[in-house]
Amino acid sequence: MLISTTEHVLSAFVGMGVDNAIVELDNLELPILDGSALPIVEMVQQAGLRKQKRLRQYLRVLKPVEVREGVKFIGLYPAENFSVCYSINFPHPLIGEESICSIYRAATMRATSLPARTFGFLHEAEALRNMGLIRGASEENAIVLTRDGIRTGPLRFPDEFVRHKVLDLIGDLSLIGHQVLGRVQAVLAGHAMHTALVRRLLRDTSSWELATLEEPVAMTETVSV
């Protein structure tokens, strides 16, 4: 069975430090809720967490793994923490070029990326619906952009668009099955390239190892560029 749009739930689990969970569905797609991972975070907080005695295993990157597609690029490199540098470029007056670089762990994810909502362009909506896509999309669960402005404001962050790309990346990388110790560099990437990176990484078993950590991974504040 193929389940769609899992990235928001998975990113919420990573941000809450959840390694084991059972998710029950009555459909083939997870609900989009408000377009971010924040409602899932709040549900997990309400349910509560149970700490396990076993140390968490991380996937430590040992050598570079890269995926390129024209000007689009994503790479994963050795590092002692999990960090992301992500750049996007949309020809829209409210987006343009946006970049963000940060070392991430649970606390910083919850504050800086997980509340960021998905976004779409009003002039593309009809064509996408005719293709059978975005059927559940509305102004309540996405940032809707007109050709020169925003229909659903205000933004939660000045750079909410690139922050949502990081949210998607965190969820997509969790398909690896372990939290990652490595540095991600992404330029104009998206879900397809995120998952292509995961497949390439898992195929090349010489590019990583599993490791346990006695102490928490260090964190820093998010820096927007």
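Quantities reported herein were computed from a predicted structural model and do not represent experimental measurements. (Residues numbered from 1 in each chain as written. Predicted model: local features only at pLDDT ≥ 70, side-chain atom pairs only at ≥ 80, totals over all residues. Heavy atoms only, no water.)

**Q** Would you explain the overall build of the chain in this entry?
**A** Counting its secondary structure elements, the chain contains 6 helices and 10 strands. The burial tally for the chain puts 44% of its 225 residues in the buried class. By sequence separation, contacts in the chain at least 24 residues apart represent 78% of the contacts at least 6 residues apart. With an accessible surface of roughly 12600 Å², the chain has 53% of that area assigned to carbon and sulfur atoms. (Helix = DSSP H or I, 4+ residues; strand = E, 2+ residues; numbered from the N terminus. Buried < 20%, exposed > 50% of the residue type's maximum accessible area, 1.4 Å probe, protein only. Contact = heavy atoms within 4.5 Å. Areas by Shrake-Rupley, 256 points an atom, 1.4 Å probe, with all protein chains shown as cover.)

**Q** Looking at this structure, I do not really get the pattern of salt bridges. What am I missing?
**A** Side chains that differ in sign of charge can pair as their charged atoms come close. The final tally for this structure, using the stated rule, is 8 salt bridges. Taken together, the shared-partner salt bridges in this structure form one network comprising Arg60, Glu80 and Glu209. (Salt bridge = Lys/Arg side-chain N within 4 Å of Asp/Glu carboxyl O.)

**Q** Teacher, can you tell me more about unusual backbone geometry here?
**A** We note that Leu33 has phi near 55 degrees; this positive angle belongs to a residue other than glycine. A relative accessible area of 34% places Leu33 in the partly exposed class. The backbone of Leu188 shows a phi angle near 60 degrees, a positive value even though the residue is not glycine. Structurally, the position occupied by Leu188 is in the loop between strand 8 (179–187) and helix 6 (191–203). Residue class for Leu188 comes out partly exposed when judged on its relative accessible area of 28%.

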